[in-house]
Amino acid sequence: MLRLTNEKFSKLDVGTTVRVRIPDVDRARGSPQYGVLKHKYTRAQISPCKEKFLELDEAMKKIKDKEITLREAAGHGIAGHQGFNRCNCKTGCGTKKCACNAAEMLCSSKCHAYYIIANAKKKREKKRSKWIKNYFKTRNFGIINDLQLDGDFLFGNFTRMSKTIFFSLLKMIEPDIVKQNTKFREALPSNALEWKLISDNYNKRWNFPHCIGALDGKHVVIQKPENTVSEFYNYKGTNSIVLMAIADANYCFIYVDVGCQGRISDGGVFKNTSFSKKMEKNELSLPPREALPGRTMPVPYVLVADDAFSLSENIMKPYRTDLKNSFALLLSVFRVFHQPIEVKIEETVVNIVLSCVYLHNFLRIQSDSTNYYSTSGCFDSEDASTGEIIPGSWREIKAGDTGLRPLRVIPRRSSNSVQGLREEFKSYFTSDIGSVLFQNKYL
């Protein structure tokens with residue numbers, strides 16, 4: 001500020017005669033008075049005079065340390081002055097009720113200072129206009145009709161699907177959502193042939209034979225449910241329910257279990273699922289053991305998982321699973337997972353999570369999924385020549401700032417027979433048939 005002032009205004013020396021503007025209400029006829037003005041002025045408020053009306057030495061003799069206001073300097077003189085009346089009128093000062101008008105004086109700068117400030121504040125607090133989309137203005141049950149009027153782009157951006165797919169889905173579920181509860185069914189493969197189709201897709205896409213799915217789980221952070229104490233309190237210090245899921249090579253969920261209390265150990269959550277119990281009883285109709293390509297030892301069909309799960313006959317770990325991409329897509333599209341779910345009724349939370357899962361599967365299999373739902377670059381991808389993992393856009397969301405939290409990793413011991421199965425898989429992946437060109441780079 002000082003530099004700009006020096007550039008704009010010329011420098012003044014002590015003793016220079018200057019002019020100071022007097023407000024209209026403080027002006028009066030009279031002769032000038034000697035004194036030191038109480039108020040200080042900036043360089044921009046004064047202007048130098050060409051004429052020299054005062055001599056510094058003479059003025060200093062007459063001042064004698066006398067301090068006066070600008071109003072006093074303008075008002076003193078032989079012709080009298082305006083005086084110091086103050087009326088504080090809220091409206092015009094045209095009647096005798098006004099103290100200044102009754103004394104035949106003009107209102108001074110002190111009369112209406114409060115009201116001038118108050119009016120200026122009201123002007124500053126003027127309502128700001130905000131632009132919002134048309135379908136947010138009405139906020140009624142006809143929002144879909146409003147979206148259709150706004151065009152295809154806004155409809156797709158709001159629903160993450162085209163109009164054709166949306167109304168097809170609506171027609172499918174209409175009988176189930178009209179005045180009755182929707183009943184969900186498990187979508188597990190019912191025979192060995194269907195399991196083999198999933199395994200073939202995994203082998204084709206990820207070079208992993210005998211894989212029937214990727215297993216993982218997440219803590220869904222919620223508010224503390226009503227009439228509970230610590231049943232949902234987890235190791236992260238939050239309340240949660242657990243979403244346990246199995247996904248295929250196309251990032252679709254083939255099994256989910258939602259609602260297990262967050263306090264239960266992560267290893268125990270999967271054991272309590274219907275999938276785990278059926279797997280232990282051999283009720284999943286899995287294909288029989290077969291040897292891996294180029295090998296002789298029969299091995300079972302398995303799920304791949306990370307270190308949060310224990311190694312078993314049908315669970316191979318530790319492997320990087322593509323299920324993280326499925327969870328990531330849920331997180332990036334369904335904003336309800338961006339923070340703890342603000343619902344205290346456990347059943348409602350479970351239904352919210354299941355609804356997101358079903359919508360995810362439905363949208364993933366649509367032909368225009370890449371245009372509205374899982375757009376290009378949202379998933380992690382792999383460079384076929386180098387094996388380098390190219391991060392997907394979902395990683396821009398920080399895990400610690402969301403309503404989905406990872407399971408805890410706990411070391412667990414496994415039996416020798418199970419470790420032997422893992423050694424067989426390891427031997428296959430290091431053989432000429434099972435290896436890929438770039439894998440030695442990461443060993």
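Residues numbered from 1 in each chain as written. Predicted model: local features only at pLDDT ≥ 70, side-chain atom pairs only at ≥ 80, totals over all residues. Heavy atoms only, no water.

A. Main features of the packing of helix α13 (residues 323-333) against helix α14 (residues 346-364). The contact between α13 and α14 brings their axes to 11 Å, and the two run at 105 degrees. One way to sum up the angle between α13 and α14 is to call them roughly perpendicular. Contacts between α13 and α14 involve S326, L329 and L330 on the former and, on the latter, C356, V357, H360 and R364. Its residues placed into classes, the contact of α13 with α14 shows four nonpolar, two polar and one charged. (Axes fitted to C-alpha atoms, helices over the stretch in contact; angles between N-to-C directions. Helix = DSSP H or I, 4+ residues; strand = E, 2+ residues; numbered from the N terminus. Parallel < 35°, antiparallel > 145°, perpendicular 65-115°, else oblique. Contact = heavy atoms within 4.5 Å. Nonpolar A, V, L, I, M, F, W, Y, C, P; charged D, E, K, R; others polar.)

B. Representation of the confidence of the model for the protein. Mean pLDDT over the protein stands at 77; residues scoring 70 or higher make up 72%. Confidence over residues 76-83 falls short of pLDDT 50; this stretch has 23 contacts with residues more than four positions distant or in other chains. Long-range and interchain partners of residues 179-186, a stretch whose pLDDT sits below 50, account for ten contacts in this model, where long-range means more than four residues apart. (pLDDT = per-residue confidence, 0-100.)

C. Looking closely at the packing of aromatic side chains. Applying the stated criterion across every chain, the model contains ten aromatic pairs. With 5.2 Å between their ring centres and 90 degrees between their planes, F166 and F167 make a pair best called edge-to-face. On the accessibility criterion, F167 (34% relative accessible area) is partly exposed. Put simply, the rings of W195, Y255, F270, F275 and F309 pair up and form one aromatic cluster. (Phe/Tyr/Trp six-rings, centres within 6.5 Å; stacked < 30°, edge-to-face > 60°. Buried < 20%, exposed > 50% of the residue type's maximum accessible area, 1.4 Å probe, protein only.)

D. A look at helix α16 (residues 416-429). With 14 residues, α16 should reach 20 Å at 1.5 Å per residue; the first-to-last C-alpha distance of 20 Å fits that figure. Residues V418, L421, E424, F425, Y428 and F429 constitute the buried set of α16. Down the axis of α16, the smallest arc covering the buried residues is 135 degrees, so these residues share one side. Buried residues along α16 sit against β9 (298-299), β10 (302-304) and β11 (315-316). (Expected span 1.5 Å × (residues − 1). Arc of directions from axis to C-beta.)

E. Summary view of the environment of S47. In this structure, S47 sits in strand β3 (residues 46-48). In this structure S47 comes out as partly exposed when scored by relative accessible area, which is 27%. Once the C-alpha coordinates of S47 and R21 are considered, the two residues, 26 residues apart in sequence, prove to be 9.2 Å apart. The residues contacting S47, other than those within four sequence positions of it, are V18 and R19.

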